Amino acid sequence: MSDLASKLCVQCGLCCDGTFFEDIELENDDELDRCEDLGLRVDDSQAEPLLLQPCNALEECQCSVYAYRPQCCRTFRCHLLNELECSKISFERALSIVFNLKEKRSELLRLIPERHNKNTSSSLRSKILEFMEEASEKSFGSCNELHNKTESLNNLIKKNFIK
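Let me sum up the structure you'll find in this document. What you see is a predicted model, and the numbers here were worked out from it, not measured in a lab. (Residues numbered from 1 in each chain as written. Predicted model: local features only at pLDDT ≥ 70, side-chain atom pairs only at ≥ 80, totals over all residues. Heavy atoms only, no water.)

### A word on the overall build of the protein
Thought 1: The secondary structure content of the protein amounts to eight helices and five strands.
Thought 2: Of the regular secondary structure in the protein, the N- to C-terminal order runs α-β-α-β-β-β-β-α-α-α-α-α-α.
Thought 3: Projecting the C-alpha coordinates of the protein onto the three principal axes gives extents of approximately 50 × 40 × 25 Å.
Thought 4: Considering only intrachain contacts with a sequence separation of at least 6, the fraction spanning at least 24 residues in the protein is 62%.
Thought 5: Surface accessibility of the protein: about 9700 Å² in total, with carbon and sulfur atoms responsible for 46%.
Thought 6: Computing the positive centroid from 21 side-chain charges and the negative centroid from 29, the protein places the two 9 Å apart. (Helix = DSSP H or I, 4+ residues; strand = E, 2+ residues; numbered from the N terminus. Contact = heavy atoms within 4.5 Å. Areas by Shrake-Rupley, 256 points an atom, 1.4 Å probe, with all protein chains shown as cover. Lys, Arg positive; Asp, Glu negative; His and termini not counted. Charge placed at Lys NZ, Arg CZ, Asp CG, Glu CD.)

Below you can see the structure in the form of structure tokens.
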């Protein structure tokens, strides 16, 4: 990974913070055991073991177990990172896209009541779904705005990060 790509990753962290994914498939049981030994949140109740998101090894956009991270983390490269490494986008523009997405994510989270935001081990999608399931008639306006902001965020993710 180039220096600029590394610099972008440590200012982003969206692939690890529950914004893009709820969970990530682990390679095998050995990797599951290694993740458990590292204290990472995993789910072994499925056919394939899963690393749950947000990853509890993420500390201010940096992986605290970077040298021991699972294979899925080693090989993941978002579209924005690929564009940067192919010089199709400048570092400044890539960083601007990251910060824009983070701001939109923050706007969306502000619409969700505090009790749904407290759980730091829930993905963004889980927080949204939990709130929407509980929403009453009087909060329909908030639900509508939340839906629109969620759509906008998902479109940005699909356009710039996950193709």
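On we go from here.
### A closer look at the environment of Val42
Thought 1: Considering the arrangement of structural elements, one finds Val42 in strand β2 (residues 42–43).
Thought 2: Along the backbone, Val42 and Leu26 are 16 residues apart, and their C-alpha atoms lie at a distance of 9.2 Å.
Thought 3: If we skip the residues at most four places from it in the chain, Val42 touches Leu26, Leu32, Cys35, Glu36, Leu50, Leu51 and Leu52.

### Structural notes on the layout of surface pockets
Thought 1: Of the volumes computed, that of the largest pocket is approximately 660 Å³.
Thought 2: Surrounding the largest pocket, 33 residues form its lining, Cys9, Cys15, Cys16, Tyr66 and Cys73 being those nearest its centre.
Thought 3: The element that contributes the greatest number of residues to the lining of the largest pocket is helix α1 (residues 3–12), accounting for five residues.
Thought 4: The class makeup of the residues in the lining of the largest pocket is 27 nonpolar, three polar and three charged. (1 Å grid on protein atoms, 1.4 Å probe; cavity = no way out; pocket = protein on both sides within 12 Å on 5 of 7 lines; lining within 4 Å. Points joined across faces, edges and corners; volume = space filled by probe spheres on them. Nonpolar A, V, L, I, M, F, W, Y, C, P; charged D, E, K, R; others polar.)

### Considerations on helix α7 (residues 124–134)
Thought 1: Within the span of α7, buried status applies to Leu124, Lys127, Ile128 and Phe131. Down the axis of α7, the buried side of the element spans an arc of 95°, and every buried residue falls inside it. (Buried < 20%, exposed > 50% of the residue type's maximum accessible area, 1.4 Å probe, protein only. Arc of directions from axis to C-beta.)

### Describing the state of the cysteines
Thought 1: Under the definition given, this model contains zero disulfides.
Thought 2: Not engaged in a disulfide, the cysteine Cys63 finds its nearest cysteine sulfur in Cys55; these two sulfurs lie 6.0 Å apart. (Disulfide = S-S within 2.5 Å.)

### A few points about the side chain of Glu31
Thought 1: For Glu31, the location among the structural elements is in helix α2 (residues 29–37).
Thought 2: You can call Glu31 buried: its relative accessible area is 2%.
Thought 3: Glu31 has contacts with Leu26, Pro70, Gln71 and Cys72, leaving out every residue within four places of it along the chain.

### Remarks on the packing of α1 against helix α5 (residues 91–110)
Thought 1: Direction vectors running N to C along α1 and α5 enclose 15°, while the axes themselves pass 10 Å from each other. Between α1 and α5, the angle falls in the class roughly parallel. You can see that α1 and α5 cross each other, and the crossing is right-handed. Between α1, through Leu4, Lys7, Leu8, Gln11 and Cys12, and α5, the contact on the second element is made entirely by Phe91, Ala94, Leu95, Val98, Phe99 and Lys102. (Axes fitted to C-alpha atoms, helices over the stretch in contact; angles between N-to-C directions. Parallel < 35°, antiparallel > 145°, perpendicular 65-115°, else oblique. Left-handed = near helix turned anticlockwise from the far one by under 90°.)

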